[in-house]
Amino acid sequence: MPQLGLLPRRTWAALLSQLLRPPHSACIPAVGCHSQGQGSLQVAEAVLTSHLKPHQEKPNFIIKIPKGTRDLSPEQMVVREKILDMVVSCFKRHGAKGLDTPAFELKETLTEKYEENSGLIYDLKDQGGELLSLRYDLTVPFARYLAMNKLKKMKRYQVGKVWRRESPTIVQGRYREFCQCDFDIAGQFDPMIPDAECLKIICEILSGLQLGDFLIKVNDRRIVDGMFAVCGVPESKFRAICASMDKLDKMSWRDVRHEMVAKKGLSPEVADRIGEYAQCHGGISLIEQMFQDPRLSQNKQALEGLGDLKLLFEYLTLFGIAEKICFDLSLARGLDYYTGVIYEAVLLQTPTQIGEEPLNVGSVAAGGRYDELVAMFDPKGHKVPCVGLSIGVERIFSIVEQRMKTSFKKVRTTETQVFVATPQKNFLRERLKLIAELWNAGIKAEMLYKNDPKLLTQLHYCENTGIPLVVIIGEQEQKEGVIKLRSVASRKEVAIKRENLVAEIQKRLSES
């Protein structure tokens, strides 16, 4: 039925004038009146037909999703939820509280927080109200939340979608719309204790997901800025050069150097000095070496960063994860709000199977310290030191998804434990009463939405969907006051007294 209420006002006026015109208003002969009235109805019908076709053809319309986005099938959702459950359970194990913030923020909340990446923010169309933008990450909204609610201390986790207008490379798990899982510790604490816990959390999650061997690169923004200063980078170019250095995980040093010189206006000599430092990576011994570096040791900022990293490695050793951490002077983290320790986790080698190509997905977790971001939102500029991490769910999912394709392992898309079946007709009411009893007992149960389904159809459904148990009720069972309980895997059936059915099912499920 067409929706009449959606007609344009002018169309309604024309239609009503045709329908309501008296048949005798413009004619005297009876035959003429009849044809006049019939003509009016034909005009009205034509107007309705032209505006109310429910299925008009759209020759140029292609059904597709926007570039850089994806649909997730039920099979994919099962795997994704397992990954998220493992991540969130780790966050909770470390005492974090859940938090959610709007998908969009005031545009002024997000601008000037991301420096060169500000161009990647999605602005919403101005409709005469507030100027809004989709959130770029979960960190800036968290800082806004702390300032708005005058909170000085909080340990929180958040899972949510973010949006970035960058060129997507879907095969590497890079999208324009993607999910982030963040853990942050806000508050004034003794140096490096929260930072060390963040690194421990990354290790726990990546080890738990069994993605293969990994390495966490660490550096300090103060060391980066100190390095730029002693190499001769003008202070006005610090953030721009930092953004270029941040591309070293995707580009060669040669290409990054070219960008610094040709596009950012850095002198070749300064770029080459940066390159000497960027090649340095190691452990606590490299930190000691940098303390003795003739140029870096003369910079106060760099010495502060080195001192904190030395303390951090002491705590990481006590946590038993120091061998997973590498001090890497090439690590920059392009976001402008970082002020201290920064880190990024990469997979050293993605485990591959026969017929599977290794995936270069880049970093799978990252984060750092941002002590001044909250103050940017506070009217009085009060600081709330923060440190946090973000797990790259989409990139991790790309690896797990590829394994799924090569393993051919069937994934259950439901958690149904029991199926309610009948071999006979006219047993819908009995099935409805029985399934309600199971639901009320907290048992996950299903039945076919048919009055008289065939038993073979019902059993095939259980086998195809992986439902482990079937309860069968028919005339004989009803007469004897029992229910047949069937194991789908073994196909063995036993008769259970109706009053003992729930207890027996719960016992079997607890043993499986």
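Residues numbered from 1 in each chain as written. Predicted model: local features only at pLDDT ≥ 70, side-chain atom pairs only at ≥ 80, totals over all residues. Heavy atoms only, no water.

1. So, the UniProt feature "binding site: L-histidine" (unreviewed entry) in the chain
Under the convention used in this document: UniProt positions are given in the numbering used here, feature names are shortened, and annotations may be inferred rather than shown by experiment. The distinction between a cavity and a pocket rests on a 1 Å grid over the protein atoms alone: a 1.4 Å probe fits inside a cavity but cannot get out, while a pocket stays open yet meets protein on both sides within 12 Å along at least five of seven lines, and a residue with an atom within 4 Å of a point counts as lining. Numbering of helices and strands runs from the N terminus; a helix is a DSSP stretch of H or I covering at least four residues, while a strand is a stretch of E covering at least two. Whether a residue is buried, partly exposed or exposed follows from its accessible area with a 1.4 Å probe, protein chains only, as a fraction of its type maximum: under 20%, in between, or over 50%, in that order. In this description, contact between two residues means that some pair of their heavy atoms is separated by no more than 4.5 Å.
In the UniProt entry, the feature "binding site: L-histidine" (unreviewed entry) is given for D137, L138, T139, R164, Q180, D184, R333, Y337 and Y338. Of the annotated positions named here, the largest pocket is lined by D137, T139, R164, Q180, D184, R333, Y337 and Y338. Mapped onto the elements, L138 comes out in the loop between β3 (132–134) and α5 (139–148). L138 gets classed as buried once you look at its relative accessible area, which sits at 0%. Not counting residues within four places of it along the chain, the set of residues in contact with L138 comprises R156, Q158, G160, V162, Q180 and D182. Examined against the element boundaries, Y338 turns out to sit in the loop between β8 (325–328) and β9 (341–347). Excluding its chain neighbours within four sequence positions, the residues that come into contact with Y338 are R221, R333, G367, G368, R369 and Y370.

2. Some remarks on the nonpolar core
As a rule of thumb, nonpolar side chains are buried together in soluble globular proteins. How we decide: Residues grouped as a nonpolar core are buried Ala, Val, Leu, Ile, Met, Phe, Trp, Tyr and Cys residues, joined through side-chain atoms within 4.5 Å.
F91, I216, F228, I274, F327 and Y343 are the most contacted members of the largest nonpolar core, which has 74 residues in total. The element contributing the most residues to this core is helix α6 (residues 193–209), with nine residues.

3. Here we look at the side chain of E394
As a reminder of what qualifies: Any pair of N or O atoms that falls within 3.5 Å is considered a polar contact. Within protein, one atom must be able to donate a hydrogen and the other to accept it, and sequence-neighbouring residues count only if both atoms are side-chain atoms.
Topologically, E394 is positioned in helix α13 (residues 393–407). Under the relative-accessibility criterion, E394 is labelled buried at 5%. Within the local environment of E394, its side chain forms a polar contact with the side chain of R80, the two groups lying 2.7 Å apart.

4. Quick word on empty space enclosed by the protein
Any space left empty among the atoms is revealed by the rolling of a water-sized probe across them. Rule in force here: Grid points are joined across faces, edges and corners, and a volume is the space filled by probe spheres set on the points. The classification used treats Ala, Val, Leu, Ile, Met, Phe, Trp, Tyr, Cys and Pro as nonpolar, Asp, Glu, Lys and Arg as charged, and all other residues, Gly among them, as polar.
Tallied over the entire structure, the rule returns one cavity of 30 Å³ or more. Taken as a whole, the largest cavity holds about 30 Å³ of empty space. Ranked by the residues each element gives to the lining of the largest cavity, the list is headed by helix α15 (residues 455–465), at three residues. Here the residues of the lining of the largest cavity sort into three nonpolar, no polar and two charged.

5. Quick notes on the packing of aromatic side chains
This is how the line gets drawn: Classification of ring pairs uses Phe, Tyr and Trp, with its six-membered ring standing for Trp, and accepts pairs whose centres are within 6.5 Å; under 30 degrees between planes counts as stacked, over 60 as edge-to-face, and the remaining range as tilted. In this scheme, Lys NZ or Arg CZ marks a charge over a ring once it lies within 6 Å of the ring centre and within 35 degrees of the ring normal.
Counted according to the given criterion, the structure contains six aromatic pairs. Consider the rings of F91 and F183, whose centres lie 5.5 Å apart with planes at 35 degrees: the pair is tilted. With F91 in helix α3 (residues 74–93) and F183 in strand β5 (residues 177–186), this residue pair connects regions lying 92 residues apart in the sequence. Owing to a relative accessible area of 0%, F183 belongs among the buried residues under this scheme. Among the aromatic residues, those joined into a cluster by ring pairs are F91, Y157 and F183. The ring of F397 carries the charged tip of R80 above its face, separated from the ring centre by 6.0 Å. The ring of F142 has R156 lying over it, and the distance from NZ or CZ to the ring centre is 4.2 Å.

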